[in-house]
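Chain by chain, the residues run as shown.
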Amino acid sequence: MNHINFDCLDDITHSTLFAIPDYQRDYSWGTAEVETLLDDIRELLYINGIDGSQKHFCGSIVVIKFDSSVSKNTQDAFKTLKLKNFEKVNVIDGQQRLSTLSILLIAIKKRLKQSGYAVSKYDDMIDTGMKDENGEFVPVLNFADLNTQNCYRSILYDKEINYFPNRSGAKNMLNALALCEKFVESICSSTTDVESALDRLIEQVRYHLTFVGIYCEEEADAYQIFESLNATGLSLTPAEQVKNLVLMKSKGNNAHTLSQWESIVNTVTESKIVAFLSHYLFYKNSKRVLKKDVYEGFKNLLKRESVTTILNELSACASIYGELRKPSATNQASAI
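These lines cover the structure that appears in this document, whether it is placed above or below. (Residues numbered from 1 in each chain as written. Predicted model: local features only at pLDDT ≥ 70, side-chain atom pairs only at ≥ 80, totals over all residues. Heavy atoms only, no water.)

### Observations concerning the nonpolar core
Core analysis: the biggest nonpolar cluster contains 56 residues, and F18, I41, L104, I108, V184 and L201 have the highest contact counts within it. Elements represented by at least two residues in this core include exactly α1 (31-48), β3 (56-65), β4 (87-93), α2 (95-114), α3 (146-157), α4 (168-188), α5 (194-208) and β8 (209-216). No other element matches α4, which puts 10 residues into this core. Counting residues in hydrophobic clusters, the runner-up holds 27 residues, among them A275, F276, V289 and Y321. (Core = buried A, V, L, I, M, F, W, Y, C linked by side-chain atoms within 4.5 Å. Buried < 20%, exposed > 50% of the residue type's maximum accessible area, 1.4 Å probe, protein only. Helix = DSSP H or I, 4+ residues; strand = E, 2+ residues; numbered from the N terminus.)

What follows is the structure, encoded as structure tokens:
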């Protein structure tokens, strides 16, 4: 495990490609989290004025060497030879901050363009300027969920790309964009020199927000750090924690593991998955397990049994559980 040699966003965004791995949650920041970050930047902008050098610590960025098996939406794009000079990493912790700051930069770029000012000098912070083998531009930040990725690309490149705006990742992203645009407009409304005001804003984002960067060479290190840092952000649900755990334990078979996990969730439905996992632990341990203890239960279970065994059992149980939870099954049972 090593520290990444960077202090601010400008140190890494020109030479690094970030991919959110499939086992991470989707973009999930809501209004409260986005506005807190924007308020911190506003305060930093006020304190620094024109020539100030005050910095604001934004937390950690934990990454691991890019693993194509857990990056379905980016594995093909990242293979293009045009991107051979970019460091390619999966983001283990810090994706919500990176995503929101990227959305803010898009909002700033959009406002500059509306006013007829040059925007190309900021492009390399959010766009590689390179195209993949399908002729599509590759952003610096790439999301695991295809719908969220299409939403992001549509606002980044200001073009029509099909996506579902009401799905959670895209919905949160569009809300964040609206908040960022409102924030940018408030900065512009307080001055007659819009270009200079936005240049100063970008300078704060680019050079005055600081991070601790950690590069993990082993997946175990990455997960241990992610696990310990999770409490500082939006808490993962027990199901999301279990998903991350089984993927980290799958030892290179992540694509199959992810597909099997998604099939389980689809069978029992997302709203029932935590209850299902709790009931499964009851079946395994012969004692009740509260939903809040599901993750610890699976950690202990994986010390005794393999991921393959547990997932196969979960798949079999899910089919039965899904049928029993159907209203038709309940009605038939009542009639008997």
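### Brief notes about the environment of P139
Within the element layout of this structure, P139 appears in strand β6 (residues 137-139). Classification of P139 by relative accessible area gives buried; the value is 1%. Along the sequence, P139 and D127 sit 12 residues apart, while their C-alpha atoms lie 4.3 Å from each other. Among residues more than four places away in sequence, those in contact with P139 are L17, I126, D127, T128, Q149, Y152, R153, L156 and Y157. (Contact = heavy atoms within 4.5 Å.)

### Topic: the environment of V70
Turning to its location among the elements, V70 is positioned in the loop between β3 and β4. Distance in space between the C-alpha atoms of V70 and A19 is 9.6 Å, their sequence separation being 51 residues.

### Quick look at the packing of α1 against α5
Two elements in contact, α1 and α5, have axes separated by 10 Å at closest approach and are oriented at 105°. Judged by the angle between their axes, α1 and α5 are roughly perpendicular. Contact with α1, carried on its side by I41, L44, L45 and N48, involves R200, L201, Q204, V205 and H208 of α5 and no other residues of that element. Of the residues that constitute the contact of α1 with α5, the class distribution is 5 nonpolar, 3 polar and 1 charged. (Axes fitted to C-alpha atoms, helices over the stretch in contact; angles between N-to-C directions. Parallel < 35°, antiparallel > 145°, perpendicular 65-115°, else oblique. Nonpolar A, V, L, I, M, F, W, Y, C, P; charged D, E, K, R; others polar.)

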